[in-house]
Amino acid sequence: MAASPLERRYAPAIILLLLAALVVVIALWASERSGGIGALAGRDGVQAGSGDQARYTWKIVTTWPKNLPGLGSGPENFARMVGEMSNGRLTARVYGAGEMVPAFEVFDAVRQGVAEVGHGASYYWKGKVPSSVFFTAIPFGMTAQEINAWLHYGGGLELWREAYAPSNLIPFAGGNSGVQMAGWFRKEINSLADLQGLKMRIPGLAGEVFTAAGGSAVRISGGELYTSLQTGVIDAAEWVGPYNDLALGLHEVAKYYYYPGWHEPGAMLEFIINKDAYEALPPDLQAIVTVAARAANQDMLDEFTARNNAALQQLVDNHGVQLRELPDDVMQAFHRAGEQAMKDLVASDPMAAKVYASFIEFYDGVRAYHHISEQSYINARDEVLDRAD
């Protein structure tokens, strides 16, 4: 049948419209294959989504054995919270030390983008960032309550981020053990003479102090402590406190358990996040990361506070651990050596000097107040309760 005049008149327009529609379809298909939304699927750690609904998958590497109580709960809680608060838009998988990278390679792994997040202790990186020791603990330094206050209300966190900025890392407070134990010893320490030549696992600035006092500091990860003590590679080791130390079985290879934790009065842990990965998140997920880290930080301290005494009782009553206080001459030697080690650190590194100025100003102020508040109350409580007994 021949086409009508009307059909002949509009046929070219119809053909053009069909061709235009075909071009649009092909363009959208190509965009999804090589750009736009499809490009998200090609970026490591990001899954396809629309705008702020993109899904992100992070890897968390840690310096601790997988599922270690206390220390290991921090990254697990963080991963759980970011997943729940983001409704699955940001998920994270935790890898224990050695599963993805060795314990002491966590800093570099996150810096290089091998993993988006690391969990550990900043003083492990003293060789890379000398000022990092302030953000875990220094001998005779701040308690957990005090260092949290310095970080979040005294300018400490800003200095921490300044120190890590050249490494493309953003640090967050990542948990605290509270006052630690001085450590496990295979023999009694009755005087400073007993420390001479003693090999002890003790990291950070405290390791330098221990060496200056006559011992020999050794750097060993938590997963190697048991075997190292058992075989005599080391004579002593500090780890954390009763709750964690019981889990590692350290009472099986050393029987003398010393206090107080002069070296780590409030050991702050860290979440380190690759700056590029963090900045790739939309603002609401960045806020979730911040809040989750803050919550995990407090939760760890609560867990240690709740569990330590029961673990200590079990160590003493069920396993025959000998609880001992460090002799006064040992404590005095540690303090003298600590003063010198701090002077050397501050003189050797401008950033360490800058952090120290902030740290010591806050330390002096909070110590003065705690002398009439926390310390005074605890002393008074002990006095009245002892009298009542």
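Everything here concerns the structure above.
Here's what I pulled together on the structure shown here.

How each quantity is defined
- Residues numbered from 1 in each chain as written.
- Predicted model: local features only at pLDDT ≥ 70, side-chain atom pairs only at ≥ 80, totals over all residues.
- Heavy atoms only, no water.
- Helix = DSSP H or I, 4+ residues; strand = E, 2+ residues; numbered from the N terminus.
- Buried < 20%, exposed > 50% of the residue type's maximum accessible area, 1.4 Å probe, protein only.
- Areas by Shrake-Rupley, 256 points an atom, 1.4 Å probe, with all protein chains shown as cover.
- 1 Å grid on protein atoms, 1.4 Å probe; cavity = no way out; pocket = protein on both sides within 12 Å on 5 of 7 lines; lining within 4 Å.
- Points joined across faces, edges and corners; volume = space filled by probe spheres on them.
- Nonpolar A, V, L, I, M, F, W, Y, C, P; charged D, E, K, R; others polar.
- Axes fitted to C-alpha atoms, helices over the stretch in contact; angles between N-to-C directions.
- Parallel < 35°, antiparallel > 145°, perpendicular 65-115°, else oblique.
- Contact = heavy atoms within 4.5 Å.
- Pairing = 2+ DSSP bridges.
- Polar contact = N/O pair within 3.5 Å; in protein donor to acceptor, adjacent residues only side chain to side chain.
- Patch = residues over 30% accessible without salt bridge, like charges linked within 9 Å, V, L, I, M, F, W, Y side chains within 5 Å.
- Salt bridge = Lys/Arg side-chain N within 4 Å of Asp/Glu carboxyl O.

Notes on the overall build of the protein
Inference 1: Summing up its helical and strand segments, the protein has 14 helices and twelve strands in all.
Inference 2: Taking all 389 residues of the protein together, the buried fraction comes to 49%.
Inference 3: For the protein, the exposed surface amounts to about 18,600 Å²; the carbon and sulfur share of it is 54%.

Side note on the layout of surface pockets
Inference 1: In this structure, the largest pocket occupies an estimated 1,300 Å³ of space.
Inference 2: In terms of lining, the largest pocket is formed by 32 residues, of which the most central are Thr143, Ala144, Val179, Pro265 and Ile378.
Inference 3: When contributions to the lining of the largest pocket are tallied by element, the ones reaching two or more residues are helix H5 (144-153), helix H11 (283-319), helix H13 (350-372) and helix H14 (374-388).
Inference 4: The greatest single-element share of the lining of the largest pocket, amounting to six residues, is contributed by H11.
Inference 5: Here the residues of the lining of the largest pocket sort into 15 nonpolar, 13 polar and four charged.
Inference 6: Volume-wise, the second largest pocket comes out at about 270 Å³.
Inference 7: Taken together, 15 residues form the lining of the second largest pocket, with Ile138, Glu339, Met342, Tyr356 and Ile360 sitting closest to its centre.
Inference 8: Contributing elements (two or more residues each) for the lining of the second largest pocket: helix H12 (328-348) and H13.

Description of the packing of H13 against H14
Inference 1: Orientation of H13 relative to H14, taken along the N-to-C sense of each, is 25°, at an axis distance of 3 Å. Accordingly, the angle class assigned to the pair H13 and H14 is roughly parallel. Contacts between H13 and H14 involve His370, His371 and Ile372 from the former and Glu374, Gln375 and Ser376 from the latter.
Inference 2: Partitioned by chemical class, the residues of the contact of H13 with H14 number one nonpolar, four polar and one charged.

Here's the deal with the sheet that holds strand E12 (residues 322-325)
Inference 1: Across the sheet, six strands lie side by side as E8-E7-E9-E6-E10-E12; this open sheet has mixed pairing. Of all strands in the sheet, those with a lone pairing partner are strand E8 (216-218) and E12, marking the two edges.
Inference 2: For strand E7 (residues 199-201) and E8, the ladder comprises three bridges, and the chain directions are parallel. For Arg201, the partnering residue across the bridge sits in E8 and is Val218.

Description of the side chain of Ser132
Inference 1: By the secondary structure assignment, Ser132 is in the loop between strand E4 (117-120) and H5.
Inference 2: With relative accessibility at 0%, the residue Ser132 sits in the buried group.
Inference 3: Here Val129 takes part through its backbone oxygen, which lies 2.7 Å from a polar atom of the side chain of Ser132.
Inference 4: When sequence neighbours within four positions are dropped, the list of residues in contact with Ser132 reads Ser122, Tyr123, Trp125, Lys126 and Tyr164.

Brief notes about empty space enclosed by the protein
Using a probe with the size of a water molecule, rolled over the atoms, empty space left in the structure can be pinpointed.
Inference 1: Overall, the coordinates contain four cavities of 30 Å³ or more when judged by the stated rule.
Inference 2: In this structure, the largest cavity occupies an estimated 90 Å³ of space.
Inference 3: If you go around the largest cavity, you meet 14 residues; those closest to its centre are Trp64, Tyr123, Gln180, Trp239 and Glu264.
Inference 4: For the lining of the largest cavity, a count of residues per class yields nine nonpolar, two polar and three charged.
Inference 5: There is about 50 Å³ of room inside the second largest cavity.
Inference 6: Lining of the second largest cavity is provided by Ala182, Phe185, Met200, Ile202, Phe210, Glu238, Trp262, His263, Leu326 and Phe334.
Inference 7: Its residues assigned to classes, the lining of the second largest cavity shows eight nonpolar, one polar and one charged.

Observations regarding a nonpolar patch on the surface
Inference 1: Together, Tyr259, Val316 and Leu323 line one region of the surface with nonpolar side chains, adding up to about 210 Å² of accessible area.
Inference 2: The residue Val316 is located in helix H11 in this model.
Inference 3: We classify Val316 as partly exposed; its relative accessible area is 31%.

As far as function goes, none of this settles anything; it's purely spatial.
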